[in-house]
Amino acid sequence: MARIFSGIQPTGIATLGNYLGALRNWVALQEGEDDCVFCLVDMHAITNFQDPAALREQTRQMAALLLACGIDPARSILFHQSAVSAHARLAWIFNCVARMGWLKRMTQFKDKAGKNQEEVSTGLFVYPNLMAADIHAYHATKVPVGDDQLQHLELANDIAEKFNHDYGVTFFPRIEPLILKESARVMSLRDGTRKMSKSDPSDQSRINMTDTADMIDQKIRKAKTDTAPLPDNLHDLVERPEARNLVGIFATITGQTPHQVLNHFAGSGFGPFKSQLAEALIAHVEPIGARTREYLDDTAALDQILRDGAQAAAAIAEPIVAEAERLVGFLPR
Ligand code: AQP
């Protein structure tokens, strides 16, 4: 039996992108044989400034949403990262193992910092070291990731290898990415070349998993498209990123292939397609939003689930990180 670790940043309300690309896969993974550890990575979230009250609210909202999606605290560990100090302690050790040159090559840092590299937080720069610590603190060997995180996983393996080499041990295992065949990349409703993001300033760019039926309907109707009818084959969507994105969402949410969707809508304009898409999305998303609100109505119960999760997480991570601290030469705590 292996251990799976995955995290999500409470930087806003989870989007349809987070759901189709990650959360629904997490729910499926907990049905399998492996132990699952799911983490609300609030320490990663503050690499970009977060209003403190909003961060607290978003962390609870994300916990409620994960539960509403089907994460079951009786089967999986669900907690917030800052509640388990082992993450920060191991991240510091990894800050001292990883090399500047390795981090400078991370494309996500370059993308996120853009031309502003002197102004972003040092936390954003060492973010991959904390991510490596998140995983290695549990000796997790399987991590479900999208393509954009593969480079960070390779770095986590490089860090483990250097640690093992420097201290003459075989302590941290190799991590394998879990590339799920169904994992879908969902793009912005305003720009089919940018991914749908919970922190995008435009609410119209995304479907939030707590949006009401009216909001979903309105956002899909206003979603950017073009004037040509839908084609009968995928090749003709290559140059039409917005149309391709909507067809992809339709296919994923209804359990069809994009090809089947096009077979059905070929030659039609976007009107009927969009209304069926909105209908399918509402049927899927609205119950999750309603359950999320129910969990949020009882903050005390929600906080207790997170506290229990943190205790279970610490029971695994503490001895592993204590051993890493011993290996580097720290006196016992
Ligand atoms: N648009 C997307 N399509 C498919 N998968 C996505 N994920 C995020 N956006 C999409 C997947 O969701 C998981 C959790 O992501 P995260 O919160 O840790 O960070 P992120 O990838 O940076 O997600 P966001 O929504 O874009 O957050 P912000 O706006 O805060 O940066 C990951 O598995 C990710 O692949």
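Right above here is the structure, for reference.
Only a predicted model underlies this, so the values are computations on that prediction, with no experimental measurement involved.

Caption draft 1: Layout of the overall build of the protein. The secondary structure content of the protein amounts to 13 helices and five strands. Against the 2.2 N^0.38 benchmark of 20 Å for 333 residues, the protein shows a C-alpha radius of gyration of 21 Å, consistent with a compact globule. In terms of its C-alpha atoms, the protein occupies a principal-axis envelope of roughly 70 × 45 × 40 Å. Sorting the 333 residues of the protein into buried and exposed places 50% on the buried side. Put simply, of all contacts in the protein between residues at least 6 apart along the chain, 76% involve residues at least 24 apart.

Caption draft 2: Here's a closer look at the pattern of salt bridges. By the definition in use, this model includes 17 salt bridges. For D226, the salt bridge goes to R240, with nearest N and O atoms at 2.7 Å. In this pair, D226 sits in the loop between α9 (213-222) and α10 (241-254) while R240 sits in the loop between α9 and α10, placing the two residues 14 residues apart along the sequence. With relative accessibility at 13%, the residue R240 sits in the buried group.

Caption draft 3: Quick look at unusual backbone geometry. A positive phi angle, near 50°, is found at H139, a position not held by glycine. Among the structural elements, H139 can be located in the loop between α7 (122-136) and β4 (142-144).

Caption draft 4: Molecular detail of the side chain of K274. As for its placement among the helices and strands, K274 is situated in helix α12 (residues 270-296). Nearest to the buried, unbridged K274 among oppositely charged side chains is D226, at 9.4 Å. Within polar-contact distance, the side chain of K274 engages the backbone oxygen of A223 at 2.7 Å. Contact partners of K274, with chain neighbours within four places excluded, come to I220, R221, K222, A223, T225 and L246.

Reading the values: the criteria
Residues numbered from 1 in each chain as written. Predicted model: local features only at pLDDT ≥ 70, side-chain atom pairs only at ≥ 80, totals over all residues. Heavy atoms only, no water. Helix = DSSP H or I, 4+ residues; strand = E, 2+ residues; numbered from the N terminus. Rg over C-alpha atoms; globule rule 2.2 N^0.38 Å. Buried < 20%, exposed > 50% of the residue type's maximum accessible area, 1.4 Å probe, protein only. Contact = heavy atoms within 4.5 Å. Salt bridge = Lys/Arg side-chain N within 4 Å of Asp/Glu carboxyl O. Lys, Arg positive; Asp, Glu negative; His and termini not counted. Polar contact = N/O pair within 3.5 Å; in protein donor to acceptor, adjacent residues only side chain to side chain.

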